[in-house]
Amino acid sequence: HQEVPFEKLVEAINPARSLAHHPLFQVNLTLQNQEAAHLDLAGLNIGPAAVEATSARLDLAFSMGEKRDAAGAAAGITGAVIYATDLFDRSTVESLAERLVTLLESVTEDPGRRIGSVDVLTTGERARILDEWNDSRRALPAAGLAELFEERVCKAPDAVAVEIGELTVSYAELNSRANRLARRLIGLGVGPERIVAVALPRSVAWLVAMLAVAKAGGAYLPVDPEYPAERIGYMLGDAAPVCVLTDAATSGALPGTAPQVVVDEPAPDSGDHEVPDFSNAPDVSDAERTAPLTLDTPAYVIYTSGSTGRPKGVVVTHSGIAGLAFSQIERFGVEPDSRVLQFASPSFDAAVSEVCMALFSGARLVLAPADELLPGESLTGVLRRHGVTHATLPPAALAVLPEDGLPAGMTLIVAGEACPPALVGKWSSGRRMINAYGPTETTVCATMSRPLAGEIAPPIGAPVLNARVYVLDDRLRPVPVGVSGELYVSGAGLARGYLGRAGLSSERFVANPFEPGARMYRTGDRARWTGDGQLVFSGRADEQVKVRGFRIEPGEVQSAVLAHPLVAQAAVVAREDTPGDISLVAYVVPGAAGEEPATPVREFLAERLPEYMVPAAVVELDALPLTPNGKLDRGALPVPDFAGMAGTGRGPADEREALLCTLFAGVLGLENVGVDDDFFELGGHSLLATLLIAQVGAELGVDVPIRALFDAPTVAGFAQQIGDEKSARPSLRPMRRVRSTS
């Protein structure tokens with residue numbers, strides 16, 4: 001149909017029109033391979049004249065023509081490229097043209113060669129991608145977590161290592177307490193290749209326990225006491241720890257699958273924490289351990305969401321601890337007078353990085369109870385009271401902080417999920433802001449950006465010390481600059497693998513084709529190189545998602561939904577119906593006519609999954625929509641109708657309930673909320689809960705803990721909680737009103 005006029009084609013197809021691009025295609029290639037016409041006119045000399053293009057009709061237009069010599073034989077091909085300057089710069093287009101020439105030369109030299117096997121990297125680009133931009137090697141101390149901490153203790157034993165509230169503990173005291181507990185653990189059989197679970201709230205006792213496990217040579221397994229009993233039971237059964245370190249308040253809630261060692265925190269005002277002979281507790285040596293401690297010994301085990309329906313334990317050794325800590329200390333500018341916030345939940349590996357960043361630099365680690373670290377006025381108060389200079393926060397937390405929520409001049413590390421440009425522009429002003437990236441399988445962090453400035457989509461940066469990163473195609477070949485591929489990480493920080501899952505370990509940890517004998521980890525993330533050696537995150541290669549900074553495999557949530565006795569079919573997807581607000585939604589097909597499982601499903605899941613993995617909504621369908629080839633049609637899944645679920649019950653009984661209905665609706669972005677509507681069943685989550693608590697405090701003059709909302713998530717129930725709180729505890733500080741942007 002080459003004779004059909006282009007305008008006729010556009011009219012017949014009638015594509016969606018846009019001023020931003022050509023209606024049918026954005027790139028074309030034209031080959032002029034006909035013999036040139038000769039025009040002879042008496043008295044005239046006629047020849048071609050080059051006309052310079054002044055505008056681009058398409059994003060990219062390649063124009064090529066065959067050359068012939070005087071005898072008419074083929075003499076090569078010439079070409080030109082016209083490009084839109086608002087989309088491409090000259091160097092990028094020159095690179096594309098050079099790659100096209102490389103491709104053509106390769107296939108003409110070997111016409112039988114598969115096109116996909118041609119390497120299109122330009123001259124020098126391979127060395128730049130594989131070597132120059134991966135030049136992160138540095139000689140670091142051959143020491144693990146315990147030794148690196150002990151080295152800092154020797155330099156400044158009387159310096160404050162940690163503070164929580166009014167309590168401070170010196171490096172020497174912290175070290176001695178850890179040494180004492182470590183010897184107790186060794187007496188129980190703890191040593192290299194043995195696991196110790198720690199189920200403690202944020203406290204000095206928790207920090208002592210982490211260090212003690214490392215000193216004994218064991219692997220630290222954090223267990224969040226707030227997790228459902230079933231999940232804790234699975235973790236302890238799968239990891240088979242020697243014992244569980246816990247306190248009296250938590251002990252009774254833990255399953256009895258492993259011996260418990262109760263290590264309660266001394267009362268701050270009792271003087272018990274000032275043990276006179278702490279200085280007589282020397283560091284633990286290999287002679288005391290059950291076996292020598294090496295860099296290949298497991299340092300900790302972190303359970304992450306698993307696509308097969310069960311969480312998996314990532315076994316991380318000591319080999320990457322030094323590279324992680326010294327990269328952070330150097331790039332974040334951590335000094336002995338710095339104060340580092342411990343924000344991450346102890347059950348996540350980010351908590352390990354915060355501890356190492358502070359304690360290996362001689363800085364002060366700032367601890368606070370979990371309810372004081374909720375994003376909003378509580379977190380802001382902690383930052384100010386303790387003079388925090390360094391904090392690592394997820395973008396979801398930054399999004400709900402008040403305008404003056406972060407101290408000027410501090411160092412802000414953003415991590416956990418992609419950070420929107422608007423947040424970078426807002427929080428980078430007047431601060432050092434760095435974007436960090438890394439899966440648990442790479443010892444917390446694999447890359448870090450340069451300091452950020454302005455409203456930009458932040459790159460994830462370059463590799464940390466002694467790490468190497470590769471952007472590869474499906475044949476494990478490096479892709480050119482600007483081309484997206486799957487991100488692989490290699491180096492000292494690679495985890496050993498998944499606990500008790502050799503098959504999964506061999507699938508994700510593969511041989512490194514660029515370094516004989518080394519391994520690399522398939523992250524499942526897609527990325528691309530920029531021209532100046534920075535990586536840019538460009539999505540996932542699989543279904544794993546990040547929700548408010550938490551790594552979630554929808555397959556695990558879906559398996560939990562299918563375990564419900566009233567659910568026959570289910571699909572769990574991540575939706576972003578409101579820009580920047582990603583949430584999980586479960587779609588279920590009931591197994592029996594007349595049953596309505598939507599409400600009980602969330603309650604069922606809350607007993608089995610952490611709060612952040614429970615879907616924001618459960619949508620009941622007659623059948624799951626399918627594509628013609630039988631796969632789930634994600635585009636046909638309906639948007640959850642929270643508005644239709646809300647406000648259909650009874651109305652408020654008094655002014656307080658009426659005000660709370662208004663506040664609930666405002667935070668959730670709904671027109672109406674009834675007194676019996678559940679905040680979390682209408683799409684609420686922990687970060688929105690902090691906004692609601694701040695507004696309640698400002699309007700009613702009460703200081704209500706966020707736990708009250710979790711315990712009574714309806715307006716009626718929460719109103720009763722506020723009544724109890726107001727009589728028991730008056731407001732201690734003024735609260736500014738925070739308005740939701742949803």
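Residues numbered from 1 in each chain as written. Predicted model: local features only at pLDDT ≥ 70, side-chain atom pairs only at ≥ 80, totals over all residues. Heavy atoms only, no water.

Some remarks on the pattern of salt bridges
In step 1: Tallied over the full model, the rule gives 27 salt bridges.
In step 2: For Arg68, the salt bridge is made with Glu66, and the minimal N-O distance between the two is 3.4 Å.
In step 3: Using a relative accessible area of 43% as the deciding quantity, one classes Arg68 as partly exposed.
In step 4: Residues joined by salt bridges that share partners form a network here, namely Arg137, Arg468 and Glu515. (Salt bridge = Lys/Arg side-chain N within 4 Å of Asp/Glu carboxyl O. Buried < 20%, exposed > 50% of the residue type's maximum accessible area, 1.4 Å probe, protein only.)

Quick notes on the sheet that holds strand β2 (residues 60–68)
In step 1: An order of β1-β2-β3 is seen for the three strands of this open sheet, with the pairing classed as mixed. Sheet topology places β1 (27–32) and β3 (74–83) at the edges, where each strand pairs with a single neighbour. Each strand axis lies, on average, 15° off the axis of its neighbour in the sheet, ignoring direction.
In step 2: Direction of pairing for β2 relative to β3: antiparallel, over a ladder of eight bridges. What sits directly across from Arg68, in β3, is Ala74. (Pairing = 2+ DSSP bridges. Helix = DSSP H or I, 4+ residues; strand = E, 2+ residues; numbered from the N terminus. Axes fitted to C-alpha atoms, helices over the stretch in contact; angles between N-to-C directions.)

Quick word on the sheet that holds strand β29 (residues 617–620)
In step 1: One open sheet holds the three strands; their spatial order is β27-β28-β29, and the pairing between them is mixed. Of all the strands in the sheet, the pair left with one neighbour each is β27 (567–578) and β29. Shown here is a sheet whose adjacent strand axes are inclined to one another by a mean of 30°, direction ignored.
In step 2: Inspection of the sheet shows β27 paired to strand β28 (residues 581–590) by nine bridges, in the antiparallel sense. Directly across from Ala570, in β28, lies its bridge partner Val588.
In step 3: Sitting on the sheet, helix α15 (residues 554–562) is in contact with β27 and β28, with an inclination near 140° to β27. (Contact = heavy atoms within 4.5 Å.)

Things to note about a nonpolar patch on the surface
In step 1: On the surface, Leu39, Leu41, Leu44 and Ile46 cluster together to form a nonpolar patch covering roughly 390 Å² of accessible area.
In step 2: Positionally, Leu41 belongs in the loop between β1 and β2. (Patch = residues over 30% accessible without salt bridge, like charges linked within 9 Å, V, L, I, M, F, W, Y side chains within 5 Å. Areas by Shrake-Rupley, 256 points an atom, 1.4 Å probe, with all protein chains shown as cover.)

What about the nonpolar core?
Note on soluble globular proteins: their nonpolar side chains tend to be buried together.
In step 1: Within the largest apolar cluster, 99 residues are counted, with the highest numbers of intra-cluster contacts made by Leu174, Trp206, Leu245, Leu359 and Phe360.
In step 2: In this structure, Trp206 is in contact with Val198, Leu200, Pro201, Tyr220, Gln342, Pro346, Ala351, Val355 and Leu367, ignoring residues within four places of it in sequence.
In step 3: Judged by nonpolar contacts, the second largest core, of 45 residues, contains Val585, Val589, Ala617 and Leu688. (Core = buried A, V, L, I, M, F, W, Y, C linked by side-chain atoms within 4.5 Å.)

As for the domain arrangement of the protein chain
In step 1: Examined at the domain level, the protein chain breaks down into domain 1 (17–132), domain 2 (553–592 + 600–640) and domain 3 (648–721).
In step 2: Contacts between domain 2 and domain 3 engage four residues on the former and six residues on the latter.
In step 3: Summed over both sides, the interface between domain 2 and domain 3 buries roughly 450 Å², with carbon and sulfur atoms accounting for 44% of that surface.
In step 4: Its largest share of buried area at the contact with domain 3, domain 2 owes to Arg602, Glu611 and Ala616, together 77% of the area lost on that side.
In step 5: Summed over the shared surface of domain 2 and domain 3, the result is zero salt bridges. (Domains from an automatic or database assignment. Buried area = accessible area lost by both parts, 1.4 Å probe.)

Things to note about the layout of surface pockets
In step 1: Reported here for the second largest pocket is a volume of approximately 510 Å³.
In step 2: Lining the second largest pocket we find 22 residues, and of these Phe62, Gly79, Ala80, Val81 and Ala97 sit closest to its centre.
In step 3: Residue assignment for the lining of the second largest pocket shows that the elements contributing at least two residues are β2, β3 and α2 (90–109). (1 Å grid on protein atoms, 1.4 Å probe; cavity = no way out; pocket = protein on both sides within 12 Å on 5 of 7 lines; lining within 4 Å. Points joined across faces, edges and corners; volume = space filled by probe spheres on them.)

Digging into helix α4 (residues 145–155)
In step 1: Listed as buried for α4 are Leu145, Ala146, Leu148, Phe149, Glu150, Arg152 and Val153.
In step 2: Packing partners of the buried residues in α4 comprise α5 (171–187), α6 (204–216), α9 (321–332) and α10 (350–359).

Things to note about the environment of Ala694
In step 1: Position of Ala694 among the secondary structure elements: in helix α19 (residues 686–700).
In step 2: Sequence separation of Ala694 and Ile302 is 392 residues, and the distance between their C-alpha atoms is 33 Å.

Points about unusual backbone geometry
In step 1: Non-glycine residue Asn466 carries a positive phi angle of around 60°.
In step 2: Here Asn466 falls in the buried class, since its relative accessible area comes to 18%.

Looking at the side chain of Gln544
In step 1: On the secondary structure map, Gln544 appears in the loop between β24 (535–540) and β25 (545–547).
In step 2: Given a relative accessible area of 11%, Gln544 falls into the buried group.
In step 3: With residues up to four places along the chain from it excluded, the contact list for Gln544 reads Arg551, Ile552, Glu553 and Pro554.

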